[in-house]
Amino acid sequence: MTSSRIALVTGANQGLGRALVEGLAARMSPDDLVLLTGRSPERVTAAARETGRLPGTRARVEGRVLDVTDTDAIARLAADLRARYGGVDVVLSNAVARVLPEQSQAARADEFIDVSNTATHAVLRSFGPVLRPGGRLLVVASSLGTLGHLDPRLHHLFDGASLDQVEYAVESWRSAVHHGTAREAGWPVWLNVPSKVAQVAAVRAVAAERRAQDLATGTLIASVCPGMVDTATSRPWFSDFSQAQSPATAAAAVLDLVFAERADRALYGELVRFGKPLDWHDGTPPVEQDALVTP
């Protein structure tokens, strides 16, 4: 057991994830521990070492190899942190699979869904129970995660759904992609849209179950939209990056939620962008990116 704070970031080798680790390490205390995770042992080791040497770093930074597509590995890590430290205080779920417009969306569907959705479900299931009172569990999503970005025929799959129901909807979508029936059912070609909606729906489902307890202890579970970030993952998809943020700038708004003295009750369970909740039912199905991609 420890009185030090424990923070964990997934997808933390580069881009926004790396910036989140650096920001946590700069704003936490010397007795605190920030765990930087990723799939590659070499990259995880190098990133943790480099972050620990940055000017302004205060907390300890350690690397942990974690393949988020391995749900058993996520469960083992959560159990290990509970045994070692009595739980965790901050979990930032940030992993994403990079897909280019010229690549077949259907061919990449399994990897994309496993990294973005199956992993999110596993993080919520495994780390929710080990989150200490007053902690923060934030899933990095997107403003595309509001329900209105999906065809209205699909809304009932996610609106008010339990986590089990969200998982079922995601697997139904995956099956439709593989069987070539996704467009007919209303699913967009662009994987990012249903994936983000499902991420936000999963967070809403878990938050609905825990709301009373978490609000009483100042604990925050939410999904977050960092805004447009200039990274190798996002750059191929958009033509205008004049308003894009650097990873460090985008991380700052997310970290403000982590370090807020009191969790804002209005943000609990919501999709938050720059400190404000987005309307779950807002949005319209995007057409520009859907026209760009290879089915």
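I will try to describe carefully the structure that is included in this document. (Residues numbered from 1 in each chain as written. Predicted model: local features only at pLDDT ≥ 70, side-chain atom pairs only at ≥ 80, totals over all residues. Heavy atoms only, no water.)

**Looking at the packing of helix 1 (residues 15-27) against helix 2 (residues 41-52)**
Then comes step 1: The interhelical angle for the contact between helix 1 and helix 2, taken along N-to-C directions, is 40 degrees, at an axis separation of 10 Å. Accordingly, the angle class assigned to the pair helix 1 and helix 2 is oblique. Crossing of helix 1 over helix 2 shows right-handed handedness. Each of R18, V21 and E22 in helix 1 lies in contact with helix 2, whose residues at this interface are A47, E50 and T51. (Axes fitted to C-alpha atoms, helices over the stretch in contact; angles between N-to-C directions. Helix = DSSP H or I, 4+ residues; strand = E, 2+ residues; numbered from the N terminus. Parallel < 35°, antiparallel > 145°, perpendicular 65-115°, else oblique. Left-handed = near helix turned anticlockwise from the far one by under 90°. Contact = heavy atoms within 4.5 Å.)

**A few points about the pairing of strand 4 (residues 88-93)**
Then comes step 1: With six of six residues buried, strand 4 lies mostly within the body of the structure.
Then comes step 2: Pairing of strand 1 (residues 6-9) with strand 4, which is carried by three bridges, proceeds in the parallel orientation. Bridge assignment links L8 to a residue of strand 4, and that residue is V91.
Then comes step 3: Examined bridge by bridge, strand 4 and strand 5 (residues 131-140) share five bridges and lie parallel to one another. Within strand 5, the position partnered with V88 by the bridge is L131.
Then comes step 4: Assessed by its sense of winding, the connection that carries the chain from strand 4 through helix 4 (residues 105-127) to strand 5 is right-handed. (Buried < 20%, exposed > 50% of the residue type's maximum accessible area, 1.4 Å probe, protein only. Pairing = 2+ DSSP bridges. Right-handed = clockwise from strand over helix to strand, strands pointing away.)

**With respect to the layout of surface pockets**
Then comes step 1: Quantified by volume, the second largest pocket comes out at close to 270 Å³.
Then comes step 2: Elements represented by at least two residues in the lining of the second largest pocket include exactly strand 4, strand 5 and helix 8 (247-259).
Then comes step 3: Here the residues of the lining of the second largest pocket are counted per class, giving nine nonpolar, four polar and seven charged. (1 Å grid on protein atoms, 1.4 Å probe; cavity = no way out; pocket = protein on both sides within 12 Å on 5 of 7 lines; lining within 4 Å. Points joined across faces, edges and corners; volume = space filled by probe spheres on them. Nonpolar A, V, L, I, M, F, W, Y, C, P; charged D, E, K, R; others polar.)

**Some details on the side chain of N117**
Then comes step 1: Tracing the sequence through the fold places N117 in helix 4.
Then comes step 2: Judged by its relative accessible area of 0%, N117 falls in the buried class.
Then comes step 3: Only 2.9 Å separates the side chain of N117 from the backbone oxygen of S195, close enough to count as a polar contact.
Then comes step 4: Excluding residues within four positions of it along the chain, N117 makes contact with F112, V170, W173, S195, A198 and Q199. (Polar contact = N/O pair within 3.5 Å; in protein donor to acceptor, adjacent residues only side chain to side chain.)

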